[in-house]
Amino acid sequence: QVQLVESGGGLVRAGGSLRLSCAASESIFSINTMGWYRLRPGKQRELVAAIISSSSTNVADPVKGRFTISRDNAKNTVYLQMNSLKPEDTAVYYCNAVVRRCSSCPGLNYWGQGTQVTVSS
């Protein structure tokens, strides 16, 4: 079973920065899309950013210009650099990846356990 292990959440003041990391914990064949979603209080889960390659990213409008997504394919890891954080960024952030465990295997969707990000005003 592939596991996505997240780290980097915490409490920060408005205007501060945090960097989230998410690593696949098992040998895999390949990872297609990797991304971050968040669940804010009273809201539905929403896409924050996704990446296929360094030249193919999708960043949600509310965080565009403040958050940057990147990945290290050698480490099967995706990062989310969050700058100029606002109280409305407070949420549980979930890592997501579409993973193929072998060359003939289908791509399956996996989720991390979530990491809390709290931004105080």
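Structural notes, computed from the coordinates. Note that this is a predicted model, so its numbers are computed, not measured. By convention here, each chain's residues receive numbers from 1 onward along its written sequence. It should be noted that, the model being predicted, local features are given only for residues of pLDDT at least 70 and side-chain atom pairs only at 80 or more, the latter also being counted only at that level, while totals for whole chains, interfaces and linings use all residues. The side-chain numbers reported here are obtained from all heavy atoms of the structure, hydrogens and water having been left aside.

### Comments concerning the pattern of salt bridges
Stated precisely, the cut-off is as follows: Salt-bridge detection follows one rule: a side-chain nitrogen of Lys or Arg within 4 Å of a carboxyl oxygen of Asp or Glu. Going along the chain from the N terminus, every DSSP run of H or I of four or more residues is numbered as a helix, and every run of E of two or more is numbered as a strand. Burial here depends on accessible area, computed with a 1.4 Å probe over protein chains only, as a share of the maximum for the residue type. Under 20% is buried, over 50% is exposed, and the range in between is partly exposed.
A complete count under the given rule lists 5 salt bridges for this structure. Residues Arg-38 and Asp-89 are paired through a salt bridge, measuring 3.0 Å at the closest nitrogen-oxygen approach. Remark: Asp-89 occurs in the loop between β8 (77-82) and β9 (91-100) and Arg-38 occurs in strand β4 (residues 30-39); sequence separation between them is 51 residues. Comparing Arg-38 with Asp-89 shows no difference in burial state: the two are buried. A salt bridge links Asp-89 to Arg-66; its shortest N-O distance comes to 2.7 Å. Here the residue Asp-89 occupies a position in the loop between β8 and β9, and Arg-66 occupies one in the loop between β6 (56-59) and β7 (67-72), the gap between them amounting to 23 residues. When salt bridges with common partners are traced through the structure, they connect Arg-38, Arg-40, Glu-46, Arg-66 and Asp-89 into a single cluster.

### Some thoughts on the state of the cysteines
Going by this rule: Note that a disulfide, as used here, is simply two cysteine sulfur atoms within 2.5 Å.
Tallying each qualifying case throughout the model produces 2 disulfides. Each sulfur in the disulfide pair Cys-22 and Cys-95 lies 2.0 Å from the other. Its torsion about the S-S bond being -80 degrees, the disulfide of Cys-22 and Cys-95 is classed as left-handed. Of this pair, Cys-22 sits in strand β3 (residues 18-24) while Cys-95 sits in strand β9, and the two are 73 residues apart along the sequence. Cys-22 sits in the buried class, given a relative accessible area of 0%. Assessed through its relative accessible area of 0%, Cys-95 is described here as buried. Paired by a disulfide, Cys-102 and Cys-105 hold their sulfur atoms 1.8 Å apart. Because the sign of the S-S torsion sets the handedness, a value of about 95 degrees for the bond joining Cys-102 and Cys-105 places this disulfide among the right-handed ones. On the basis of relative accessible area, Cys-102 is assigned to the partly exposed category, the value being 26%.

### A look at the sheet that holds β3
To be explicit about the condition: A pair of strands is considered paired only if DSSP assigns at least 2 bridges between the two. Axes here mean lines fitted to C-alpha atoms, for a helix over just the part in contact, with angles spanning 0 to 180 degrees between N-to-C directions.
Pairing in this open sheet of 4 strands is antiparallel, and the strands run β1-β3-β8-β7 from one edge to the other. Of all the strands in the sheet, just β1 (4-7) and β7 have a single pairing partner and so form its edges. If you compare each strand with its neighbour and ignore which way they point, the axes differ by 15 degrees on average.

### Description of the packing of aromatic side chains
For clarity, the cut-off: In summary, the pairing rule links any two rings of Phe, Tyr or Trp, Trp by its six-membered ring, whose centres are within 6.5 Å, and it sorts them by plane angle into stacked for under 30 degrees, edge-to-face for over 60 and tilted for everything else.
All told, the structure shown has 1 aromatic pair when counted by the stated rule. Here the aromatic rings of Tyr-37 and Trp-111 are separated by 5.0 Å at their centres, their planes lie at 65 degrees, and the arrangement is edge-to-face. Of this pair, Tyr-37 sits in strand β4 while Trp-111 is found in strand β10 (residues 108-111), placing the two residues 74 residues apart along the sequence. A relative accessible area of 33% places Trp-111 in the partly exposed class.

Everything listed here is a matter of geometry and, on its own, says nothing about what the molecule does.
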